[in-house]
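Commentary on secondary and tertiary structure
Residues per chain are reported as follows:
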Amino acid sequence: MDTVRQKFYITTPIYYVNDKPHIGHAYTTIAADVVARLHRLLGEDVFFQTGTDEHGAKIAQAAEKAKQTPQEFVDEISAKFSFAWDQLDISSDDFIRTTEPRHKQAVAKFLTMLKDSGKIYEGEYEGLYCVGHEAFIKESDLVDGVCPDHKTKPELIKEKNWFFKLSEYGDILKERIETDEFRIRPYTRQNEVLSFIKQGLEDIAISRPNVKWGIPLPWDPEQTVYVWVEALFNYCSIIGFGEDEEKFRNYWPADIQVMAKDIIKFHCIIWPALLLAVDLPLPHAIFAHGFFTIGGQKISKTIGNVIDPNDWVAKYGADAVRYFLLREVPFGQDGDVSEEKLKIRYNGDLANGLGNLFSRTTNMIEKYLDGDVADFAVSPKDLSAAWDAFSTLNFSEGLVKIWEEIAWANQLIDKAKPWELVKTEPEKVKELLLNLTGLLYDIAGKLAPVMPDTANKIRKIIESGDIKKPEPLFQKIE
Ligand SMILES: [Zn+2]
């Protein structure tokens, strides 16, 4: 009998291509990658989506400034995201761009369904629009007349739009969220969304008459789809909505959607309401992580402390960057990172911790067992708690558990002093080294979702059964 593998669909937001990738984008994508890799190792049929969001007035403006056509501009920036994800060993199954025909077709079909649902009407809107946000902004949110995030004056826009009756969805969303049918984590974010719903939802414009760089409405081609509405639908178009129904039905709904906390209103209110309007199931869970400061300062172009993830990868390697970001700040909370902190983790946890355990164990195996570990022992420790933590996105906690065992093993060697013991009790030394090898093998297996390259190196060397002068895993950095 065929066993049907459980499906697992995980997403990142599609990143807006007005600028190249920074460490925050990398953080979201690494986290989703770890969860995707974990579920693959558990034998599930995983689909891991990522991609780029390429329409809207902001892109058109940025392209004009760069003296490029919007398409040239988005091609260039989108490629930078793909490159960064390759450098970081991101194992996504597909990469969607909203300028692709498959996405435009899926969005047109979705909008037609939305129109048929009766939840769309034509109206006039007058309001303040922040191009930086690609969203309308309330007068009460302004500080000294400018958007507090973008420090720019919003445009007063009066125009004909098509509206979506978001106001009708407050009660049903509240119920789905409170019953955890639609799970929002951490709870602070769930509370934030619930209190926003409590204030009362207003209908939203889903089209723009004067934004040319976008997808036209099927029934009113003078208007393009509001960039957020269109971008959200990528989660369906990438898995074949309107094109490959079997594939779409296999993977939808998403099991978990990972993102930064600033975009939860779009993902926890507008997105599920749109899905309800067209009778599509809601994602099972949304997980929103916090923001980084860099050495105590807010990340800003003006301060000039924006970190290009490629720079860190070039210096420290993908595995070290992945480890550092997930270990340093508990996922879901705000936290501080810096190259100084990365160096401390690299030298401490990686070179002195895991790297040292690996080097001294393999060196002694070579010296005392002639490299022979063909029958290494089963791990003397149970590390399954690490994966339990990863599966609930408690990456830091899972890594701490693994490093506790690394510290335990290093202390065990210090105490046992195999270099002395070998003179009198070589059998005991053999047993100790085969146990340590078993532990290292298990550590590598458990680390594989976070540090795939390091895990693979350790496992291959042990599996060869004959250890001869392995390279150090991490070279200490001065
Ligand atoms: Zn703004």
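Anyway, here's the lowdown on the structure attached to this text. (Residues numbered from 1 in each chain as written. Predicted model: local features only at pLDDT ≥ 70, side-chain atom pairs only at ≥ 80, totals over all residues. Heavy atoms only, no water.)

Here's the deal with the overall build of the chain
- When helices and strands are tallied, the chain shows 18 helices and 17 strands.
- A compact globule built from 478 residues should have a C-alpha radius of gyration of about 23 Å, and the chain, at 26 Å, falls within 12% of that.
- The C-alpha extent of the chain, read off along each of the three principal axes, is 90 × 60 × 40 Å.
- Contacts spanning at least 24 positions in sequence make up 77% of the contacts within the chain whose residues lie at least 6 apart.
- When the accessible surface of the chain is split by element, carbon and sulfur atoms take 49% of a total near 21600 Å².
- Distance from the positive charge centre (57 side chains) to the negative charge centre (75 side chains) of the chain: 3 Å. (Helix = DSSP H or I, 4+ residues; strand = E, 2+ residues; numbered from the N terminus. Rg over C-alpha atoms; globule rule 2.2 N^0.38 Å. Contact = heavy atoms within 4.5 Å. Areas by Shrake-Rupley, 256 points an atom, 1.4 Å probe, with all protein chains shown as cover. Lys, Arg positive; Asp, Glu negative; His and termini not counted. Charge placed at Lys NZ, Arg CZ, Asp CG, Glu CD.)

Details of the nonpolar core
- With 158 residues, the main nonpolar core has Leu114, Phe164, Trp252, Leu325, Leu354 and Trp403 as its most contacted residues.
- Look past the residues within four positions of Trp252 in its chain and what remains in contact with it is Lys7, Tyr9, Tyr235, Cys236, Ile239, Trp271, Leu275, Leu280, Pro281 and Pro283.
- Core analysis: the second largest hydrophobic core is formed by 5 residues, Leu128, Cys130, Leu142 and Cys147 among them. (Core = buried A, V, L, I, M, F, W, Y, C linked by side-chain atoms within 4.5 Å. Buried < 20%, exposed > 50% of the residue type's maximum accessible area, 1.4 Å probe, protein only.)

Side note on helix H14 (residues 384-391)
- Regarding H14, the residues found buried are Ala386, Trp387, Ala389 and Phe390. All buried residues of H14 lie within an arc of 155° about the axis, which places them on one face of the element.
- Residues of H14 that are buried make contact with helix H1 (23-41), helix H15 (395-416) and helix H17 (426-447).
- Taken from the residues just after H14, Leu393 is the one with a positive phi, measuring 65°. (Arc of directions from axis to C-beta.)

Focus on the coordination of the zinc ion
- Within the first shell, the zinc ion binds the protein through Cys130 (SG), His133 (ND1), Cys147 (SG) and His150 (ND1), at distances of 2.1 to 2.3 Å.
- We note that the donor set of the zinc ion lies within a single chain, spaced as C-x2-H-x13-C-x2-H. You can see His133 sitting in the loop between strand E5 (120-130) and strand E6 (135-137) and its partner His150 sitting in the loop between E6 and strand E7 (155-164), a full 17 residues away along the chain. (Donors = N, O, S within 2.8 Å, 3.2 Å for Na, K, Ca; no water.)

Thoughts on the state of the cysteines
- Applying the stated criterion across every chain yields a total of 0 disulfides.
- Looking at the unpaired Cys236, the closest cysteine sulfur is the one in Cys268, lying at 16 Å.
- Exposure remark for Cys236: the relative accessible area of 0% places this residue in the buried category. (Disulfide = S-S within 2.5 Å.)

Quick notes on the pattern of salt bridges
- One pass over the structure, following the stated rule, counts 31 salt bridges.
- Between Asp75 and Arg97 there is a salt bridge; the shortest N-O distance is 2.7 Å. In this pair, Asp75 is assigned in helix H3 (residues 70-87) and Arg97 in strand E4 (residues 94-97), connecting sequence segments 22 residues apart.
- The exposure class of Asp75 is partly exposed, given its relative accessible area of 34%.
- The salt bridge partner of Glu159 is Arg208, with a shortest N-O separation of 2.9 Å. Of this pair, Glu159 sits in strand E7 while Arg208 sits in strand E10 (residues 207-208), and the two are 49 residues apart along the sequence. The same class applies to Glu159 and to Arg208, which are both buried.
- When salt bridges that share partners are traced, they join Asp33, Arg37, Asp89 and Arg322 into one network. (Salt bridge = Lys/Arg side-chain N within 4 Å of Asp/Glu carboxyl O.)

Concerning the sheet that holds E6
- Strands sit in the order E6-E5-E7-E9 across an open sheet of 4 strands; the sheet is antiparallel. Sheet topology places E6 and strand E9 (204-205) at the edges, where each strand pairs with a single neighbour.
- Pairing of E5 with E6 involves 3 bridges; the strand directions are antiparallel. By the bridge assignment for E6, Cys130 is matched with Ala135. (Pairing = 2+ DSSP bridges.)

A closer look at the sheet that holds strand E16 (residues 297-298)
- One open sheet accounts for 3 strands, arranged E16-E15-E17; its pairing is mixed. Of all strands in the sheet, those with a lone pairing partner are E16 and strand E17 (335-337), marking the two edges.
- Of the pairings in the sheet, the one linking strand E15 (residues 292-294) to E16 comprises 2 bridges and is antiparallel in character. Its bridge partner being in E16, Ile294 is matched across the sheet by Gln297.

Observations regarding unusual backbone geometry
- Cis geometry marks the peptide bond from Arg185 to Pro186, where omega comes out at -5°.
- Positionally, Pro186 belongs in the loop between strand E8 (183-185) and helix H6 (187-198).
- Put simply, Trp252 and Pro253 share a cis peptide bond, and its omega is 5°.
- Mapped onto the elements, Pro253 comes out in the loop between helix H9 (245-251) and strand E13 (256-260).
- Phi is positive for Asp180, close to 70°, though the residue is something other than glycine.
- Inspection of the secondary structure assignment puts Asp180 in the loop between helix H5 (170-178) and E8.
- The partly exposed category is assigned to Asp180, whose relative accessible area is 26%.
- Its identity is not glycine, yet Leu393 carries a phi of approximately 65°, on the positive side.
- Within the secondary structure, Leu393 is located in the loop between H14 and H15.

Some points on the side chain of Lys58
- Among the structural elements, Lys58 can be located in helix H2 (residues 57-65).
- Buried within the structure, Lys58 lacks any salt-bridge partner; Glu134 is the closest side chain of opposite charge, at an N-O distance of 6.6 Å.
- In contact with Lys58, other than residues within four places in its own chain, are Tyr16, Asn18, Val131, Gly132, Glu134 and His150.

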